[in-house]
Structure formats: C-alpha cells, structure tokens
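The lines below spell out each chain.
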Amino acid sequence: MALEHALLVALSERSGSGYELARRFDRSIGFFWAATHQQIYRVLRRMEEAGWVVRTDVAQEGRPDKKVYQVAAAGRDELARWLAEPVQPTTLRDELGVKLRGASLGDEGAVLREVERHRDEHAARLEAYKSIQRRDFPKPDALNGRELHQYLVLRGGIRAEQSFVDWCAEVVDALRAEGPR
C-alpha cells in the first residue's frame, strides 16, 4: 500500500490539514500504517499535483494560512480502484524471531530481556487499543458502515497484539525454564 491510499482513506473520512492528518495518523491509522509528518506533507503535494486532492487555503489570524485538503473526484476514483485491487497476504518479517532463532549463538540473557521488552511494549499497545475500543465503540453490535469498518480494523489490531503478547510470554516461560547455559 502506498501512503497515498492511507491518506485518501483518512481524507475521505474527514478533510484536514497536513498537521491534522499527521496527528490523526499518530492516534489511529498510524497504528497500522506509519508515516512521518514530512512524508505526509510531501505526499499531499504529490496528490494535489495528480489531482487526487484539492487544497483550500484558510486564513488564520497571526499565522500562515492553513492548507485544508479534501478528496477530489480523481482521488475517489483512485481509491475505488485501489480498494478493488487484490493485495498479497501479509508475510511475517520479525527481527525478534530471527534473534530468538539465533539466541544459542550469543547472549541468551540479552535475547530474553529483548523478548520481555517486546512483550511489555505490545501489552501497552494492546491496552491502548482496548481503551480506544471502550471509548469509541461501546456498542459494537450496533455498528455499520464506516464505524463498523474502523472497529473491525481495531479488533484486528487487538487480536494481533494479544497474540504477540501471548507468544512473548510463552517464549519467556520456555527460556526461563531452560535456564542459563
């Protein structure tokens, strides 16, 4: 997926400035597709040149004009084309797994500590996702359309994080049971 498509989805949900999009990425889409603020601004310029988005300059007092973007007809066409296009199944590429595979070749304690660190970070992300679920989707059975789709993506994130936390816990237990060599 190109960043352009993630931005088209975000702008289809709500128009906004580059800054607003970057903040939304930090809080939602960014959990599933990361982008720096600089990348977002650069891609917005490209999308404007391609006619996928239109920009409106909004005057602000004491500050430069705010550039607000919204999806243009050509952008809606591109988004529809991309949504209909098949994607490759995700392939797991995980550096931690490679480190674990090679743990006996180096400092097993360092690998164990790294697995524990990953477990803790994924557990924190899992709790953040669950908090978002409680706050934004208190009645999931009543959802439809865009809200249902957002909820389902969040549920995928929750399940993936839970799975990773469980796997890390299994690894930690096994490595501790094995003891140092």
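Conventions we followed
Residues numbered from 1 in each chain as written. Predicted model: local features only at pLDDT ≥ 70, side-chain atom pairs only at ≥ 80, totals over all residues. Heavy atoms only, no water. Helix = DSSP H or I, 4+ residues; strand = E, 2+ residues; numbered from the N terminus. Rg over C-alpha atoms; globule rule 2.2 N^0.38 Å. Buried < 20%, exposed > 50% of the residue type's maximum accessible area, 1.4 Å probe, protein only. Contact = heavy atoms within 4.5 Å. Areas by Shrake-Rupley, 256 points an atom, 1.4 Å probe, with all protein chains shown as cover. Lys, Arg positive; Asp, Glu negative; His and termini not counted. Charge placed at Lys NZ, Arg CZ, Asp CG, Glu CD. Polar contact = N/O pair within 3.5 Å; in protein donor to acceptor, adjacent residues only side chain to side chain. Axes fitted to C-alpha atoms, helices over the stretch in contact; angles between N-to-C directions. Parallel < 35°, antiparallel > 145°, perpendicular 65-115°, else oblique. Left-handed = near helix turned anticlockwise from the far one by under 90°. Nonpolar A, V, L, I, M, F, W, Y, C, P; charged D, E, K, R; others polar. Core = buried A, V, L, I, M, F, W, Y, C linked by side-chain atoms within 4.5 Å. Domains from an automatic or database assignment. Buried area = accessible area lost by both parts, 1.4 Å probe. Salt bridge = Lys/Arg side-chain N within 4 Å of Asp/Glu carboxyl O.

In the annotation of an unreviewed UniProt entry, the entry for the protein chain reads PadR family transcriptional regulator, and the organism field reads Kribbella amoyensis.

Visitor: Help me understand the overall build of the protein chain in this model?
Guide: From N to C terminus, the protein chain includes seven helices and three strands. Relative to its length of 181 residues, the protein chain is extended, with a C-alpha radius of gyration of 21 Å against a globular reference of 16 Å. For the protein chain, the spread of C-alpha atoms along the principal axes amounts to about 65 × 40 × 40 Å. Counting across all 181 residues of the protein chain, residues that qualify as buried make up 31%. Within the protein chain, contacts between residues at least 6 apart in sequence are counted, and of these 57% link residues at least 24 apart. Of the roughly 12200 Å² that the protein chain leaves accessible, carbon and sulfur atoms contribute 51%. Both charge centroids of the protein chain, one from 29 positive and one from 29 negative side chains, sit 3 Å from each other.

Visitor: How do you make sense of the side chain of Glu4 when you look at a structure like this?
Guide: Looking at the element boundaries, Glu4 is found in helix α1 (residues 3-13). Within the structure, the side chain of Glu4 is placed 2.9 Å from the side chain of Arg46, a separation counted as a polar contact. Those residues in contact with Glu4, other than ones at most four positions away along the chain, are Val43, Arg46, Met47 and Trp52.

Visitor: Would you mind showing me how to read the packing of helix α2 (residues 18-27) against helix α3 (residues 37-50) here?
Guide: Geometry of a packed helix pair, given as the angle between the helix axes and the separation of the axes. Relative to each other, α2 and α3 sit at 130°, their axes nearing to 9 Å. Accordingly, the angle class assigned to the pair α2 and α3 is oblique. Handedness of the α2/α3 crossing: right-handed. For the pair α2 and α3, contact is made by Gly18, Tyr19, Leu21, Ala22, Phe25 and Asp26 and by His37, Ile40, Tyr41 and Leu44, respectively. The residue makeup of the contact of α2 with α3, split by class, is seven nonpolar, two polar and one charged.

Visitor: Whenever I open this one, the environment of Gly97 confuses me. Can you help?
Guide: Of note, Gly97 is situated in helix α5 (residues 95-101). Spatially, the C-alpha atom of Gly97 lies 36 Å from that of Leu11, the residues being 86 residues apart in sequence.

Visitor: Any chance you could explain the nonpolar core here in plain terms?
Guide: In a soluble, globular protein the nonpolar side chains are often hidden away together inside. In terms of nonpolar packing, the biggest core is built from 21 residues, with Leu7, Phe25 and Ile40 touching the most fellow members. Of all the secondary structure elements, the ones that give two or more residues to this core are α1, α2, α3, β3 (63-71) and α4 (73-84). Take this core: its biggest share by element is six residues, from α1. If sequence neighbours within four positions are ignored, Ile40 has contacts with Leu3, Leu7, Gly18, Leu21, Ala22, Phe25 and Ala35.

Visitor: Explanation requested: the environment of Ala177 in the structure shown.
Guide: Tracing the sequence through the fold places Ala177 in helix α7 (residues 145-178). With relative accessibility at 70%, the residue Ala177 sits in the exposed group. As a C-alpha pair, Ala177 and Ala10 span 167 residues in sequence and 47 Å in three-dimensional space.

Visitor: It is not clear to me how the domain arrangement of the protein chain should be interpreted in this structure. Could you clarify?
Guide: For an interface, size is often stated in terms of accessible area lost upon the parts coming together. We note that the domain assignment places domain 1 (1-84) and domain 2 (95-178) within the protein chain. Look at where the C-alpha atoms of domain 1 and domain 2 centre, and you get two points 29 Å apart. Buried area between domain 1 and domain 2, summed over both chains or domains, comes out near 500 Å², and the portion from carbon and sulfur atoms is 65%. Ranking the residues of domain 1 by area buried against domain 2 places Glu13, Phe31 and Phe32 at the top, with a combined share of 90%. Here domain 1 and domain 2 share zero salt bridges between them. Counting across the interface, domain 1 meets domain 2 through two residue pairs in polar contact (both at pLDDT 80 or more). Residues of the side of domain 1 that touches domain 2, tallied by class, amount to two nonpolar, one polar and two charged.

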